[in-house]
Amino acid sequence: MTPQEPNLPAPQAQNPSKAPRIPVTVSITRRVDPGRLAEVTHWVQAGVNLANTYEGFLGSGWVRAAADSHEWHMLYRFADEASLDAWEVSDARAEWLYEGRELVEVSRVERRTGIEGWFDEPQPGVPAAPPRWKQAVTIWLGFFPLSLAFTYATFYLVPGWHQLWPLATVLITTLCLTPTMTYVLLPFVTRLLHPWLRR
């Protein structure tokens, strides 16, 4: 069976006055009744169509590891935690899950957000994310030169900086370096190392 094509809603106009929304991706593994694949396929598509009516839904996909596999893997994504929670506690979703209670059995659920958001979210049929050690190397390659440059800059440009109260120096340092890493350096390093990360 081929994966379902992602259902992507039209781009929404962004309001610059609002805080950025952090997308959340949910990964679910379900064991499927092998004798009822046609019913499962219909049930799956009904769920995707239903989720597509909820604000913040960004898309989804289903895939099987092999033709004889009884495990199906699903990814779906919402614009932020609030829109995801609205979908997951909705009566419509509860009714949809109830309809599929005899067709599938959930074996694993995982939410992806935060640091994993710096890398491409997993797509059906491809690895979920680079290995942890590659993620660690990527973060270090961005953080080391940034931290070194900040240390030298403060030492020479701000006399007495390192004699300040340690809590204050750590607080100011992290407030400056964290957004720089998140929005500038880490995306740049990730793009630069993308072939190696996906190898």
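Fair warning: this is a prediction, and the values are worked out from it, not measured in the lab. (Residues numbered from 1 in each chain as written. Predicted model: local features only at pLDDT ≥ 70, side-chain atom pairs only at ≥ 80, totals over all residues. Heavy atoms only, no water.)

A.B. asks: Explain the packing of helix H4 (residues 132–157) against helix H5 (residues 166–192) here, please?
C.D. replies: Any two packed helices are characterised by the angle at which their axes cross and by the distance between the axes. Two numbers describe how H4 lies on H5: the axes approach to 9 Å, and their chain directions differ by 135 degrees. Between H4 and H5, the angle is such that the two are oblique. In this structure, H4 crosses over H5, and the sense of that crossing is right-handed. Packed against H4, whose contacting residues are Thr138, Ile139, Leu141, Gly142, Phe143, Leu146, Ser147 and Phe150, the element H5 presents Thr173, Cys176, Leu177, Thr180, Met181, Leu185, Leu186, Val189 and Thr190 at the interface. Of the residues that constitute the contact of H4 with H5, the class distribution is 11 nonpolar, 6 polar and no charged. (Axes fitted to C-alpha atoms, helices over the stretch in contact; angles between N-to-C directions. Helix = DSSP H or I, 4+ residues; strand = E, 2+ residues; numbered from the N terminus. Parallel < 35°, antiparallel > 145°, perpendicular 65-115°, else oblique. Left-handed = near helix turned anticlockwise from the far one by under 90°. Contact = heavy atoms within 4.5 Å. Nonpolar A, V, L, I, M, F, W, Y, C, P; charged D, E, K, R; others polar.)

A.B. asks: Please explain the packing of aromatic side chains as it appears in this structure.
C.D. replies: Ring pairs (aromatic) are described by centroid distance and by the angle formed between their planes. A full pass over the atoms with the stated rule returns 7 aromatic pairs. Aromatic pair Trp43 and Trp96: ring centres 4.1 Å apart, planes at 5 degrees, arrangement stacked. Here the residue Trp43 occupies a position in helix H1 (residues 37–51), and Trp96 occupies one in helix H3 (residues 91–99), the gap between them amounting to 53 residues. When the ring of Phe78 is compared with that of Trp87, the centres are 6.4 Å apart and the planes differ by 20 degrees; the resulting orientation is stacked. The exposure class of Phe78 is buried, given its relative accessible area of 0%. Taken together, the ring pairs in this structure connect Tyr54, Phe57, Tyr76, Phe78 and Trp87 into an aromatic cluster. In this structure, Arg101 packs its charged tip against the face of Tyr98, placed 3.8 Å from the ring centre. The residue whose ring lies beneath Lys134 is Trp196, and the NZ or CZ to ring-centre distance is 4.9 Å. (Phe/Tyr/Trp six-rings, centres within 6.5 Å; stacked < 30°, edge-to-face > 60°. Buried < 20%, exposed > 50% of the residue type's maximum accessible area, 1.4 Å probe, protein only. Lys NZ or Arg CZ within 6 Å of the ring centre and 35° of its normal.)

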